[in-house]
Amino acid sequence: MATTAQEEMRRFWERNSRSGRPLSPHVSIYKWSLPMAMSISHRGTGVALSLGVSLFSVAALLLPEHFPHYLAQVRALSLGPALVCSAKFLLALPVCYHTWNGIRHLV
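Residues numbered from 1 in each chain as written. Predicted model: local features only at pLDDT ≥ 70, side-chain atom pairs only at ≥ 80, totals over all residues. Heavy atoms only, no water.

## Looking at the pattern of salt bridges
In the structure shown here, the tally under the stated rule is 2 salt bridges. For the salt bridge of Arg11 with Glu8, the shortest nitrogen-to-oxygen distance reads 2.6 Å. Of this pair, Arg11 and Glu8 both sit in helix H1 (residues 5-19), 3 residues apart, roughly one helical turn. Among the residues examined, Arg11 registers a relative accessible area of 37% and is labelled partly exposed. (Salt bridge = Lys/Arg side-chain N within 4 Å of Asp/Glu carboxyl O. Helix = DSSP H or I, 4+ residues; strand = E, 2+ residues; numbered from the N terminus. Buried < 20%, exposed > 50% of the residue type's maximum accessible area, 1.4 Å probe, protein only.)

## Side note on the UniProt feature "binding site: heme" (unreviewed entry) in the protein
Sequence positions flagged by UniProt for "binding site: heme" (unreviewed entry) are, in local numbering, His98. Along the chain, the position of His98 falls in helix H4 (residues 81-106). A relative accessible area of 23% places His98 in the partly exposed class. Not counting residues up to four positions away in its chain, the partners in contact with His98 are His42, Thr45, Gly46 and Leu49. Within polar-contact distance, the side chain of His98 engages the backbone oxygen of His42 at 3.2 Å. (UniProt positions renumbered as here; feature names shortened; annotations may be inferred. Contact = heavy atoms within 4.5 Å. Polar contact = N/O pair within 3.5 Å; in protein donor to acceptor, adjacent residues only side chain to side chain.)

## Structural notes on the UniProt feature "transmembrane region" (unreviewed entry) in the protein
Look at the UniProt record and you will see "transmembrane region" (unreviewed entry) annotated at residues 46-64 and 76-97. Between the end C-alpha atoms of residues 46-64 the distance is 29 Å, and the span holds 89% helix and 0% strand. Helix makes up 82% of residues 76-97 and strand 0%, and the two end C-alpha atoms of the span are 31 Å apart.

Below, the structure is given as structure tokens:
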């Protein structure tokens, strides 16, 4: 007869407590450090950049007009220079961070 998942877990924990072996430490017991935070943010920016490039390339393939048409539409919105500079900064920040952190890691 098959056992349920709850029975399997109960048997696992009974066996583990009888053996007296230590459990693997969980992430919550570690103190946050700068290298840990930089590693996590490096992975996050890498995922975000790969998703961004993938979405941009799919959009370039599927949208009916060429890029200059959409660029003209954005220019027609007459966004203020503060908003345009902020958007450029938010687009460039992950690229710069991921690049420089990757070079730091290699060195």
